[in-house]
4 protein chains.
Amino acid sequence: METNNEKQNRNWRVTLHEVIYGTHTPAGRLFDVLLLILILYSVIIVLLESVKAYNDAYHNFFNISEWIVTILFTIEYILRVICVKKPQKYIFSFYGIIDLLSTMPKYLSFFFWGSQYFAALRALRLLRVFRILKLVRFLGESDNLIKAISASKAKIFVFVFSVLVISVILGTVMYLVEGAAHGFNSIPHSIYWTIVTLTTVGYGDISPETPLGQFIATIIMIIGYGIIAVPTGIVSAEYTAANRKNTHHDNGRACASCGAEIHRNDAEYCRKCGHKLPDA
Amino acid sequence: METNNEKQNRNWRVTLHEVIYGTHTPAGRLFDVLLLILILYSVIIVLLESVKAYNDAYHNFFNISEWIVTILFTIEYILRVICVKKPQKYIFSFYGIIDLLSTMPKYLSFFFWGSQYFAALRALRLLRVFRILKLVRFLGESDNLIKAISASKAKIFVFVFSVLVISVILGTVMYLVEGAAHGFNSIPHSIYWTIVTLTTVGYGDISPETPLGQFIATIIMIIGYGIIAVPTGIVSAEYTAANRKNTHHDNGRACASCGAEIHRNDAEYCRKCGHKLPDA
Amino acid sequence: METNNEKQNRNWRVTLHEVIYGTHTPAGRLFDVLLLILILYSVIIVLLESVKAYNDAYHNFFNISEWIVTILFTIEYILRVICVKKPQKYIFSFYGIIDLLSTMPKYLSFFFWGSQYFAALRALRLLRVFRILKLVRFLGESDNLIKAISASKAKIFVFVFSVLVISVILGTVMYLVEGAAHGFNSIPHSIYWTIVTLTTVGYGDISPETPLGQFIATIIMIIGYGIIAVPTGIVSAEYTAANRKNTHHDNGRACASCGAEIHRNDAEYCRKCGHKLPDA
Amino acid sequence: METNNEKQNRNWRVTLHEVIYGTHTPAGRLFDVLLLILILYSVIIVLLESVKAYNDAYHNFFNISEWIVTILFTIEYILRVICVKKPQKYIFSFYGIIDLLSTMPKYLSFFFWGSQYFAALRALRLLRVFRILKLVRFLGESDNLIKAISASKAKIFVFVFSVLVISVILGTVMYLVEGAAHGFNSIPHSIYWTIVTLTTVGYGDISPETPLGQFIATIIMIIGYGIIAVPTGIVSAEYTAANRKNTHHDNGRACASCGAEIHRNDAEYCRKCGHKLPDA
């Protein structure tokens, strides 16, 4: 039989778990909102710290803010590890790793210059906002989307790989046509330009200057303009399909009387024989 | 019993209401067309006034025009408030606020420099054109569109938020890779560049110069090029769905027994009460 | 009773009509192919003539080519008018006007400088290629496309108009934020920049330099990136709808025995009762 | 009767064929993976060789690498020709030509400068990766995609051709409006700019400077922004249709009487012979 102490200990861990991981209690929601504000604050600090003028003026403020945030995140991380039943599962989960990486930059900055910028990874923690906003609906809604994207994965890989191969060849052609004199210094640089053009970004840091180069560039642009249709078409069609399955074909109810299938989600009677349908 | 005076007063307000708010009488249509021309004129005046050469040459003309437009808009606004039954409903409606903001810039310009440019908000009044063109059909047609966009709202929020989080991280990476020497002065500036690239705008005011930076830029472009498929796919699929609901589900048959509408084209019995449907 | 002369005259006109307008006789096809080559040649001449280096070197050649083309086009135009039954119908048709405008530039160049460039309108005549390639199939295929675009007309007008109104307002905001010092000289110029950004073209001839301006630019880009989904979604959905009607719902055949509708195009027997269907 | 020698010879060719062309034996897979690595290596060598700094430092290393790769590719090509039954079929196939072109650059570089860059065509060999990854699924999945693109071919040709004709006319207009003083040196150059704008690439190497030119540019951008919807809509709709055909039309039921496949999901009788179908 467990002692009162153990019981209290368990209760304490359960409560802590509810507050930190849950969002269904007022305390849990409050914790999540405060955490989000802290994350947002810490991200903004990192961004502003990188602006030389601000850093010169408020260096101490930034430094102290960083330390406070780091200590709070450290405490939070320790609590998260303590109150969960299988700590190793949390530690090696996506959010577990992000949470750890979010606490470490300030400590690491003693050893490595630049490591403080890893703090930008904290931005990933902001994705928790979906959970806090009680976005069950959001996530449910993006379910079809994820299904559509994941169904398109193989096709998109084929597409991206083909685009890269085309870019290597077109980049080489442009290197031969334009040459180093017009900014196409090397084939890798030319490939960079080709992708800038194919994706219709078009910085203009390099641009073709010979008539032939401009002619080829024109063709590349039209190709790029045309093939953007392909991933869009894929995702859009897959998404339509995922949607249709979910909203249209009801939950697979068949009429017990005549066996007719495919009823509207809100149908109560069979559209073929008028028999009562099973509840959805 | 109301006096003749009161009756006339009411009639006068009803007529005014018909002219100002309605578009089904010739006078109402004429009023709306004249108003639109006036709005267009006032917007063009504001635009041209900002061109230094024109302002130097025609300053007085612009000033007088502004005053005439402002006075006419003031009268119109007062009439709108008077002739409507529940003035506060109009005043706090979208168009009520726009109408008020459209009349005020000239008055405010006595007190605050720059306030005259709020006159550009008048452009929003031009949206009334849809009503004047008797675009019931247009609005009816854009109904499905609005439904599609509003059904996609949550998903698009998730999408935009995720893009922003990715931008913060990629922007930080580019800041570390390229640094202030190549125009990536600070992380916020780098994030600005990342979004310019992700959205395939590509000004070229800043562009990566190190091979590693160009390589990462290439990846950002391909990501941007690929994920543009996502909102397009969403809107397109939702719109298809909204359309299908309207066009597919029967030819407008309603159940004679329970009145339920929207049945499948091939339905023979009401999905709500099991009553025989009229033949399609 | 008509004389032999009249008969021959009529025959002559019929034959000419077949050659010039028809594509089902070898002579008609040959005429169309030769005409296309001539048009292509004349368009290339106009393009090359505008290149200073070429014009300096081959001015005479270009001039004589122009005259030959002009004279041939004049003869063709006269023949077209003569051999058609209702000349005024041809003259005021789309191609009739284009054909006339294509012959005139050289004559007009005596009177007005610059009018020779109207010759570029000849490019429109190249659209005849669809007819020559016997692209009945092409045109039939693009039928659904035209239906889709025309069904989207009203919606696309609403969309473009709304984008313009947004551009006026955002352009004014950017003018106030950035000002003439950073290239935003006037509101119209700012609107030009806004549209360059919204459409993700992004020349970079003007780009925001203040942090606030860059922040607003970022928002404009994301809006532009997002709303590109709208016209795509519309056209794609309408096109899907147009397609579905044509390919899926067969030619409206119903089963004579049980009345079941909606059979596959290649169905020979009713899918509901197995009765022979009428021929498609 | 064949001698042992002939038999062994045949066996040797069959085994070689399995290793080189097949991917179902361990040896075949190993060969393909090693080949892919070699191709990747040779492509990277070509890219780096074009960077002046690397070439100056490692010229000998690149040269020797090239020779080794070339010799290995030559051996592979000879083996491929030997072990296949109908060599001429392989030699004139897509991959046969690519394989030959991939081996030749180094040999040709004795005679023609620049021919070594044809080695970039080796990138096309990388497309074999789809086969090695056992991407039957990938290829099967991209089947619908290819069907969709090929079904859209005619429409996309009509689209691209129309865009080119519009570009010629708009390019001429911009040449007249802006002129050589603002970088629009000639009509072909103007057309180049028009396509850069229409496709929303927007380098900014040339950009309109007169108000009228900027106004026209604005219209071109909005056209370009709008018509990008067309190819996307086409591919997306065709792809949806290709998908629907595959997923919708029954669950693989074939008629037991005549063997006809692909029936509507709700079909009860064969559409070809009127025989009763098995239950879905």
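Looking at an unreviewed UniProt entry, one finds chain A named Ion transporter, with Aureibaculum algae as its source organism. Reading the Subcellular location (unreviewed entry) entry of the UniProt record for chain A gives the comment "Membrane".

Asks: Teacher, can you tell me more about the overall build of chain A here?
Replies: Across its full length, chain A holds 12 helices and zero strands. For chain A, with 280 residues in total, the buried portion stands at 50%. Long-range contacts, defined as pairs at least 24 residues apart, comprise 52% of the intrachain contacts of chain A with a sequence gap of at least 6. As presented, chain A carries roughly 13,600 Å² of accessible surface, and 68% of it is formed by carbon and sulfur atoms.

Asks: Could you clarify how one ought to interpret the domain arrangement of chain A in this entry?
Replies: Accessible area lost when the parts come together is the quantity often used to give the size of an interface. According to the domain assignment, chain A consists of domain 1 (4-134) and domain 2 (143-244). Spacing between the C-alpha centres of domain 1 of chain A and domain 2 of chain A amounts to 39 Å.

Asks: Would you mind showing me how to read the pattern of salt bridges here?
Replies: When their charged atoms lie close together, side chains carrying opposite charge are able to pair. Residue and element names in this part refer to chain A. Scanning the model with the defined rule gives 24 salt bridges over all chains in all. For Glu-76, the salt bridge identified is with Arg-80, shortest N-O distance 2.5 Å. Highlighted residues: Glu-76 and Arg-80, both in helix H3 (residues 52-83), separated by four residues, approximately one helical turn. Arg-80 carries the same exposure label as Glu-76, and that label is buried. Because the salt bridges share partners, they merge into one network encompassing Glu-76, Arg-80, Asp-99 and Arg-125.

Asks: Where do I start with the interface of chain D and chain A in this structure?
Replies: Each partner contributes residues to the interface: chain D has 47 residues there, and chain A has 45 residues. Here chain D meets chain A over a buried area of about 3,900 Å², counting both sides, of which 74% is carbon and sulfur. Between the two partners, chain D and chain A, sit zero salt bridges. Where chain D packs against chain A, one counts four residue pairs in polar contact (both at pLDDT 80 or more).

Asks: Sorry, what's going on with the packing of helix H10 (residues 187-198) of chain B against helix H10 (residues 211-227) of chain C here?
Replies: What describes two packed helices is the angle between their axes and the distance between those same axes. Packing of H10 of chain B against H10 of chain C brings their axes to within 10 Å, and their N-to-C directions diverge by 25°. As far as their axial angle goes, H10 of chain C and H10 of chain B are roughly parallel. Seen from above, H10 of chain B lies across H10 of chain C with left-handed handedness. Across the interface between the two elements, His-189, Tyr-192, Ile-195, Val-196 and Leu-198 of chain B from H10 of chain B touch Gln-214, Ala-217, Thr-218, Met-221, Ile-222 and Tyr-225 of chain C from H10 of chain C. Grouping the constituent residues of the contact of H10 of chain B with H10 of chain C by class yields eight nonpolar, three polar and no charged.

Asks: Can you walk me through unusual backbone geometry in this structure?
Replies: Peptide bonds are mostly trans, and most non-glycine residues show a negative phi. Residues and elements named next belong to chain A. Positioned with a positive phi, Thr-200 is a non-glycine residue whose angle comes to about 60°. Residue placement: Thr-200 occurs in the loop between helix H10 (187-198) and helix H11 (211-227). Given a relative accessible area of 4%, Thr-200 falls into the buried group.

Asks: What should I look at first to understand a nonpolar patch on the surface in this one?
Replies: All names here are of chain A. Residues Ile-64, Ile-68, Ile-71, Leu-72, Ile-75 and Tyr-107 make up a contiguous nonpolar surface patch of roughly 530 Å² in combined accessible area. Of the residues forming the nonpolar patch, the biggest block, five residues, is contributed by H3. As for its placement among the helices and strands, Ile-68 is situated in helix H3. Taking relative accessible area as the criterion, Ile-68 reaches 47% and is therefore assigned partly exposed.

Asks: I'm lost on the relation of the copies chain D and chain A in this one. Help?
Replies: For the pair of chain copies, the relating transformation is a rotation about an axis with a translation along it. Superposing chain D onto chain A takes a rotation of 90° combined with a translation of 0.0 Å along the rotation axis, leaving an RMSD of 0.0 Å. The superposition of one copy onto the other is thereby described by a four-fold rotation axis. Taken as a fraction of all interface residues of chain D, those also at the interface in chain A reach only 17%, which identifies the copy contact as different-surface.

Asks: Just to check I follow, could you spell out helix H3 (residues 52-83) of chain C for this structure?
Replies: Along an α-helix, residues three or four apart share an orientation, since each turn contains 3.6 residues. For H3 of chain C, the principal kink sits at Tyr-58 of chain C and spans about 85°. Where H3 of chain C is concerned, the buried positions are Phe-62, Ser-65, Glu-66, Val-69, Thr-70, Phe-73, Glu-76, Tyr-77, Arg-80 and Cys-83 of chain C.

Asks: Sorry if this is basic, but what is going on with the packing of aromatic side chains here?
Replies: Aromatic ring pairs are defined here through the distance separating the ring centres and the angle between the ring planes. All told, the structure shown has 29 aromatic pairs over all chains when counted by the stated rule. Joined through ring pairs, the aromatic side chains of Tyr-21, Tyr-77 and Tyr-90 of chain A make up one cluster. Over the face of the ring belonging to Phe-73 of chain C we find Arg-125 of chain C, whose NZ or CZ atom lies 4.7 Å from the ring centre.

Asks: Any chance you could explain the UniProt feature "transmembrane region" (unreviewed entry) in chain A here in plain terms?
Replies: Residues and elements named next belong to chain A. As recorded in UniProt, the sites labelled "transmembrane region" (unreviewed entry) are residues 30-48, 60-79, 91-113, 156-177 and 215-235. Secondary structure across residues 60-79 divides into 100% helix and 0% strand, with the first and last C-alpha atoms of the span separated by 29 Å. Across residues 215-235, the secondary structure splits into 95% helix and 0% strand, with the terminal C-alpha atoms separated by 32 Å.

Asks: How do you make sense of the side chain of Ser-167 of chain D when you look at a structure like this?
Replies: Among the secondary structure elements, Ser-167 of chain D is positioned in helix H9 (residues 136-178). In contact with Ser-167 of chain D, other than residues within four places in its own chain, are Ile-191, Thr-194, Ile-195 and Leu-198 of chain D.

Asks: So what exactly am I meant to see when it comes to helix H5 (residues 94-103) of chain B here?
Replies: Residues Gly-96, Ile-98, Asp-99, Ser-102 and Thr-103 of chain B constitute the buried set of H5 of chain B. Buried positions in H5 of chain B, seen along its axis, are confined to an arc of 165° and lie on one side of it.

Asks: Where do I start with the side chain of Ser-102 of chain D in this structure?
Replies: Residue and element names in this part refer to chain D. Structurally, Ser-102 is set in helix H5 (residues 94-103). Residue class for Ser-102 comes out buried when judged on its relative accessible area of 0%. Among all residues touching Ser-102, those that are not within four sequence positions of it are Phe-73, Leu-121, Arg-122 and Arg-125.

Asks: Help me out: how do you make sense of the environment of Leu-35 of chain A in this one?
Replies: All names here are of chain A. Here Leu-35 is to be found in helix H2 (residues 26-49). Between the C-alpha atoms of Leu-35 and Leu-170, which are 135 residues apart in sequence, the distance is 49 Å. The contact partners of Leu-35, leaving out residues within four places of it in the chain, are Phe-73, Glu-76, Arg-80, Arg-125 and Arg-128.

Asks: It is not clear to me how the environment of Phe-111 of chain B should be interpreted in this structure. Could you clarify?
Replies: Mapped onto the elements, Phe-111 of chain B comes out in the loop between helix H6 (105-108) and helix H7 (122-125). As a C-alpha pair, Phe-111 of chain B and Ile-227 of chain B span 116 residues in sequence and 47 Å in three-dimensional space.

Cut-offs applied
- Residues numbered from 1 in each chain as written.
- Chains lettered and ligands numbered in written order.
- Predicted model: local features only at pLDDT ≥ 70, side-chain atom pairs only at ≥ 80, totals over all residues.
- Heavy atoms only, no water.
- UniProt positions renumbered as here; feature names shortened; annotations may be inferred.
- Helix = DSSP H or I, 4+ residues; strand = E, 2+ residues; numbered from the N terminus.
- Buried < 20%, exposed > 50% of the residue type's maximum accessible area, 1.4 Å probe, protein only.
- Contact = heavy atoms within 4.5 Å.
- Areas by Shrake-Rupley, 256 points an atom, 1.4 Å probe, with all protein chains shown as cover.
- Domains from an automatic or database assignment.
- Salt bridge = Lys/Arg side-chain N within 4 Å of Asp/Glu carboxyl O.
- Buried area = accessible area lost by both parts, 1.4 Å probe.
- Polar contact = N/O pair within 3.5 Å; in protein donor to acceptor, adjacent residues only side chain to side chain.
- Axes fitted to C-alpha atoms, helices over the stretch in contact; angles between N-to-C directions.
- Parallel < 35°, antiparallel > 145°, perpendicular 65-115°, else oblique.
- Left-handed = near helix turned anticlockwise from the far one by under 90°.
- Nonpolar A, V, L, I, M, F, W, Y, C, P; charged D, E, K, R; others polar.
- Patch = residues over 30% accessible without salt bridge, like charges linked within 9 Å, V, L, I, M, F, W, Y side chains within 5 Å.
- Least-squares fit on C-alpha atoms with pLDDT ≥ 70 in both.
- Bend = angle between axes of the 7 residues up to and from the residue.
- Phe/Tyr/Trp six-rings, centres within 6.5 Å; stacked < 30°, edge-to-face > 60°.
- Lys NZ or Arg CZ within 6 Å of the ring centre and 35° of its normal.
- Arc of directions from axis to C-beta.

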